[in-house]
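Coordinate inspection notes
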Amino acid sequence: MSIPIPRPLPNDSWDCMLPGPPSRNNFRSADISPSGLLAFASGSSVSVVDSQSLQLVTTIPLPPPSSSLSGSSPSNSSSSLSPFVTSVRWTPLPIGRDLLSNEPSSSHLILAAADRHGRISLVDFRLRSVILSIDPPDPSSKSGIQELCWVQARSDSFLLASISGPSYFSLYDTSSSRCIFKYDASPEYLSCIRRDPFDSRHLCIIGLKGFLLSVKVLGETEDSIALKELHIRTDCTELLKLEKDAAGGSSSSSPASAVFPLYAVRLAFSPHWKDIIYVTFPRELVVFDLKYETTLFSAALPRGCAKFLDVLPDPNQELVYCAHLDGKLSIWRMKEEQTYIMCTMEELMPSIGSSVPSPSVLAVLISQSGSTLQTISKLYSESSNRASDPDFDNPFDFCDDTLLFSKTHLISISDDGKLWCWILTAEGTGDVQKDAINCGKIADISEESTNTNTTFSSNSELTADGSRLLDNVKLSNSTVSLADLTFKISLVGQLQVLSSTVTMLAVPSPSLTATLARGGNNPAIAVPLVALGTQSGTIDVIDVSANAVAASFSVHNSTVRGLRWLGNSRLVSFSYTQASEKTGGYINRLVVTCLRSGLNRTFRALQKPERAPIRALRASSSGRYLLILFRDAPVEVWAMTKNPIMLRSLALPFTVLEWTLPTVPRPVQNGPSRQSALSPKTNTALAPEEAASSTMASSSDSKAGNSDGSQDEISESFAFALVNGALGVFEVHGKRIRDFRPKWPSSSFVSADGLITAMAHRLPHVVMGDRSGNIRWWDVTTGQSSSFNTHREGIRRIKFSPVVAGDRSRGRIAVLFSDNTFSVFDLDSPDPLANSLLQPQFPGTLVLELDWLHTRTDKNDPLVLCIAGADSSFRLVEVNANDKKMSSGPLPRNIKERFRPMPLCCPVLLPTPHALALRMILQLGVRPSWFNTSGTAMDKRPHFIPGTVSSSGDLRSYLIELPPFGDSVVPELLLKVLEPYQKEGCILDDERARLYGTIVNNGSAARFAFAAATFGEVSEALFWLQLPRAINHLMNKLVNKTPQKAPISVPNSDLDDISLLSRITSKGKSTSETGRRNALSQGQLRLMAFEQEDLWESANERIPWHEKLEGEEAIQNRVHE
């Protein structure tokens, strides 16, 4: 069953969301596309990251399942929650070339996602929406999906294969949303599914006990699916024990990763040898030959090594990387005849700090795009070596004793919300290089095709502080034995999403009396920061303008139970733990965190446990005063100076306490601009809400300049409600607390049907909500009051929206109910309930906390709600309010791309017409200076890119040559279209721009290969790399084939066959033959070998593996081979 999902507007602001940390409930689901886009699951959302710069591109929350799938009634369907996402896979389709369609094609940005309820969703990443949802055939079973995999059915279409439940394999046709094939492998537990890189119609599935299913898809009907069942022998003793222990604990329909989360069995196809797969059982590595149906090699883990997590073959070298459950990476090299030996063990989880328990690695991936570009750089190394000058700021340019043979880009994901970017290098010493040259083992690349016989100066990824770690280390085409290499792993980048389950949310709303922490007379401005307290005890500070975690502080050892801002640069938080059973009581911990210095200072530290735990914190908008609420104990009032001082305690039965917010600002002549509000040199030009007073009397605003000397002159007030329903307002003036004596309402506010549970106070209004869903508000200056019933459950939070000069309404409030839903009401309207924005739920999740973002400076700016979801996500919701009606979602206006600390250089993300224009420009050939002009990242050091020239008014001057046919104005138009991206520096990153500068003058094939690799089309890139050599080979055959040799062609061919057989069957390899191996016959390019020398060498390596095999079928296969 498929469900059509309405698409949002293209400018929908779904990307204003930060995901929570991924967990084992997501089954370690992650996938990286050939173009370098990384997708990973966290909770019920899918996040997309640029693997090159490690920037979060967007996060897409999946909607809740339908009522029939969730088992709830239609009226209750809105309250259903989205299940965990368990698998994600990018579509293998390339970027579309059709520009005549009404909507730009984004078929290359479609992502398949599956969840624990067995539902499959196709997500259009460009539209940020679900375009197709496929429900499982049996919704009642809720058999979660283990993994997904695309498999080719026709030349232009792919089917989606899935493993669901413990043992079901299914094939879905996404065009018709139907299941065309289903296979039950019970009693096996299916674990992993992978597609063959040599044949996109072929895939393999491995089970926990060694069951291997080979599937060949020959069409789109059930009859065209060919299956072959195989078995790999392994020790299943541990699995049988786990199976016995879990017999009554989990559902029979649960996938393998849910039943056995720490028992991982994975497979991977070899990118170098056809029909060879690598399989990792928890304590065994197996090399299996699908053609001969036998195990070629198996090795048990050495004692002391943790279990295998995943297996990753290197795309360019005959190396295998194995991830382990303890966060380590073992490197295995091929010794001989598909036998492997462990070289070294590297650490993927640095021991930073003393977090207990330590984070776990969930997934490890290899970037395919970096490997393809590395192949291009090897082939065109001579021109690179000529063009690159030494960088005097980089010491690596003068270290000639290192020879870099390969560089692998790895990304690991840990369950504390961190993505780690690693560069794994295989290096040799200068002596190894010298010996290789003397032995004649340096590669001989054909001069007619590539003209590369020296080394290449390569630039690697950027580290977080902008320095280059492995810049200009020489990449070699040498064939030195892998045994002579040393491996080094370097951390070059990190991305932090939310670190743990969110428990608290705090938004700063400083008033004029809140001064900067560094002193002086400058008032604190409203900063675009939000603080989140987590279950692990950390505090994450979010920069909402960049949609990123700006800082993360490890403050507590237990759950953060309260969090408030003190001004705009300090945070106060608390946690508590129960003391031992013998002593009893609670240990309360209060901490002030300075965002500028990162220091945590505890205060109110007692020697003995207390009888009552802290219930909540309430900080005044100036950050000068703090109320500490206890459970069944008096409230304490503190002055938050450098060394906090307790002013007094209030022994009243409070239920709710809230400080007053800044008052409504007066209209300012020639209203202040955003720029002046952010200027540290002026005190008068402030944002309207920053110019508001947080005191009763406006005369105290002028006295706010002195942060320490005028404590007694600053007064702030807070409203409260007692258990009996009585209300009041207290004023804190210096160290004195007095009754404000407001004008009481004409009617009694004593609640007969429930305690007051929430309150908000902004002069002159006090708004209250009780546990029966009633909302009451009261004007403390006139005594006017009113109330209405929301017909909902109890009220947990009430938040006044920020106001600026010119706002028509000053009574908008956001209300969070006890059932974790929220609504927005306008108390200034005649009927607040009728004229309200009813938001029963944020789709797919519950709302844990909410508050308004206080950064508005103009009445036309939208109201923005900050929401902490129960799925550990953080989201921003725009609330559009006009005179007639309020609504959620963005207004139809120009939305500027959010701030990024560095350009997002990912050409595949461009709109399809612009991406095709860039592809054509790269193919035609553009001067390297085009990438450097007006760039935000590269204009600071123009000598990074060789061949930099001065800019010119005629854009066609950037082309290396005008096209020989067609109108020359076409390339100029393409360059003009791409000019905005070029000025922002987001065409290519520094490393790829340098690489393009080295190959741009090496012919059209090199440029076509680079363009294909840039957009993730690996097969096309390899085709263009081999094309010059193939043409040269064909021309040599035509030249050597003369009519005179025709009569003696038959006997010569017999002699050639005899010599061929003798060379193939010989086990030894001569030095001269080995020396002829070059970059074109290694790595990915060996898949397209066609010359006799390359084929002889490949067979010479493969035949000895099979000579040891016995049996009639093995002998027959060996004869055919």
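Everything below is about the structure printed above this text.
Residues numbered from 1 in each chain as written. Predicted model: local features only at pLDDT ≥ 70, side-chain atom pairs only at ≥ 80, totals over all residues. Heavy atoms only, no water.

Here we look at the overall build of the protein
Looking only at helices and strands, one finds 17 helices and 60 strands in the protein. Looking at the protein as shown, the accessible area adds up to about 47,200 Å², and 52% of this sits on carbon and sulfur atoms. (Helix = DSSP H or I, 4+ residues; strand = E, 2+ residues; numbered from the N terminus. Areas by Shrake-Rupley, 256 points an atom, 1.4 Å probe, with all protein chains shown as cover.)

Digging into the packing of aromatic side chains
All told, the structure shown has 21 aromatic pairs when counted by the stated rule. Ring geometry for Trp777 versus Phe788: centroids 6.0 Å apart, planes at 65°, classification edge-to-face. Of the two residues, Trp777 sits in strand E51 (residues 774-779) while Phe788 sits in strand E52 (residues 785-789), which places them 11 residues apart along the sequence. Note on Trp777: relative accessible area 13%, which makes it buried. Overall, Phe788 belongs to the buried group, its relative accessible area being 14%. (Phe/Tyr/Trp six-rings, centres within 6.5 Å; stacked < 30°, edge-to-face > 60°. Buried < 20%, exposed > 50% of the residue type's maximum accessible area, 1.4 Å probe, protein only.)

Some words on unusual backbone geometry
Of the consecutive residues Ser186 and Pro187, the connecting peptide bond is found in the cis state with omega at 10°. Assignment of secondary structure puts Pro187 in the loop between strand E14 (178-184) and strand E15 (190-195). Along the chain, Leu763 connects to Pro764 via a cis peptide bond; the corresponding omega equals 5°. Here the phi dihedral of Arg28 falls at roughly 55°; this positive angle occurs in a residue that is not glycine. Given the relative accessible area of 14%, Arg28 is considered buried. The phi dihedral of Arg604 falls on the positive side, at around 55°, and the residue is not glycine. Its place among the elements puts Arg604 in the loop between strand E40 (600-603) and strand E41 (614-619).

A look at helix H12 (residues 1004-1014)
Across the 11 residues that make up H12, a large majority, 9, are buried. Restricting attention to buried positions, one finds in H12 the residues Ala1005, Ala1006, Arg1007, Ala1009, Phe1010, Ala1011, Ala1012, Ala1013 and Thr1014. Looking at the packing, one finds that the buried side of H12 touches helix H4 (368-379), helix H8 (912-924), helix H11 (990-999) and helix H13 (1018-1040). Immediately beyond the C-terminal end of H12, within one or two residues, lies Gly1016, with a positive phi of roughly 80°. (Contact = heavy atoms within 4.5 Å.)

Quick word on the environment of Lys735
Along the chain, the position of Lys735 falls in the loop between strand E47 (727-733) and strand E48 (736-739). Measuring from C-alpha to C-alpha, the distance between Lys735 and Arg648 comes to 8.5 Å, with 87 residues separating the pair along the chain.

Describing the sheet that holds strand E19 (residues 266-269)
Reading across the sheet, the 4 strands line up as E19-E20-E21-E22 and stay open at both edges, with antiparallel pairing between neighbours. This sheet does not close on itself; its edge strands, each paired only once, are E19 and strand E22 (294-300). Across the sheet, the mean angle from the axis of one strand to that of its neighbour is 20°, orientation sign disregarded. Looking at chain direction, strand E20 (residues 276-281) and strand E21 (residues 284-289) are connected through 6 bridges and run antiparallel. For Thr280, the partnering residue across the bridge sits in E21 and is Leu285. (Pairing = 2+ DSSP bridges. Axes fitted to C-alpha atoms, helices over the stretch in contact; angles between N-to-C directions.)

Observations concerning the nonpolar core
Among soluble globular proteins, nonpolar side chains are generally buried collectively. If you look at the biggest cluster of nonpolar residues, it comprises 42 residues, and the most contacted ones within it are Trp930 and Phe931. Secondary-structure elements contributing two or more residues to this core are H4, H8, helix H9 (929-932), helix H10 (969-984), H11, H12 and H13. Counting residues in each nonpolar core, the second largest holds 32 residues, with Ile413, Leu419, Cys421 and Leu876 among its members. (Core = buried A, V, L, I, M, F, W, Y, C linked by side-chain atoms within 4.5 Å.)

Remarks on the environment of Asp196
The residue Asp196 is located in the loop between E15 and strand E16 (202-207) in this model. Judged by its relative accessible area of 3%, Asp196 falls in the buried class. Distance in space between the C-alpha atoms of Asp196 and Ile276 is 9.7 Å, their sequence separation being 80 residues. Not counting chain neighbours up to four residues away, the residues in contact with Asp196 comprise His202, Leu203 and Phe269.

Focus on the pattern of salt bridges
Applying the stated criterion across every chain, the model contains 25 salt bridges. Between Arg89 and Glu147 there is a salt bridge whose closest N-O contact spans 3.8 Å. Of this pair, Arg89 sits in strand E7 (residues 85-90) while Glu147 sits in strand E11 (residues 145-154); the two residues are 58 residues apart in sequence, bridging distant segments of the chain. Taking relative accessible area as the criterion, Arg89 reaches 13% and is therefore assigned buried. The exposure class assigned to Glu147 is buried, which follows from its relative accessible area of 10%. (Salt bridge = Lys/Arg side-chain N within 4 Å of Asp/Glu carboxyl O.)

A closer look at the sheet that holds strand E49 (residues 756-762)
Read across the sheet, 8 strands follow the order E48-E47-E46-E45-E49-E50-E51-E52 without closing on themselves; strand pairing throughout is mixed. Each edge of the open sheet carries a strand with a single partner, namely E48 and E52. Across this sheet, the average inter-strand angle for adjacent strands is 20°, counted without regard to direction. As paired strands, E49 and strand E50 (residues 765-770) are joined by 6 bridges and run antiparallel to one another. Residue His761 lies in a different strand from E50, and its bridge partner there is Val766.

Some details on the packing of H11 against H12
Interaxial distance between H11 and H12 falls to 9 Å at its minimum, and their mutual angle equals 160°. The angle between H11 and H12 falls in the class roughly antiparallel. Helix-helix and strand crossings are classified by hand; for H11 and H12 the assignment is right-handed. Each of Arg992, Leu995, Tyr996 and Ile999 in H11 lies in contact with H12, whose residues at this interface are Ala1006, Arg1007, Phe1010 and Thr1014. The class makeup of the residues in the contact of H11 with H12 is 5 nonpolar, 1 polar and 2 charged. (Parallel < 35°, antiparallel > 145°, perpendicular 65-115°, else oblique. Left-handed = near helix turned anticlockwise from the far one by under 90°. Nonpolar A, V, L, I, M, F, W, Y, C, P; charged D, E, K, R; others polar.)

Brief notes about empty space enclosed by the protein
With the rule as written, the count across this model stands at 7 cavities of 30 Å³ or more. Forming the boundary of the largest cavity are 31 residues, of which Ser509, Arg564, Leu661, Lys799 and Asp851 lie nearest the centre. Here the lining of the largest cavity is composed, by residue class, of 17 nonpolar, 7 polar and 7 charged. (1 Å grid on protein atoms, 1.4 Å probe; cavity = no way out; pocket = protein on both sides within 12 Å on 5 of 7 lines; lining within 4 Å. Points joined across faces, edges and corners; volume = space filled by probe spheres on them.)

Comments concerning the side chain of Asn26
In this structure, Asn26 sits in the loop between strand E2 (17-18) and strand E3 (30-32). Separated by 3.0 Å, the side chain of Asn26 and the backbone oxygen of Gly43 make a polar contact. With residues near it in sequence (within four places) discarded, Asn26 still touches Ala41, Ser42, Gly43, Phe84, Val85 and Thr86. (Polar contact = N/O pair within 3.5 Å; in protein donor to acceptor, adjacent residues only side chain to side chain.)

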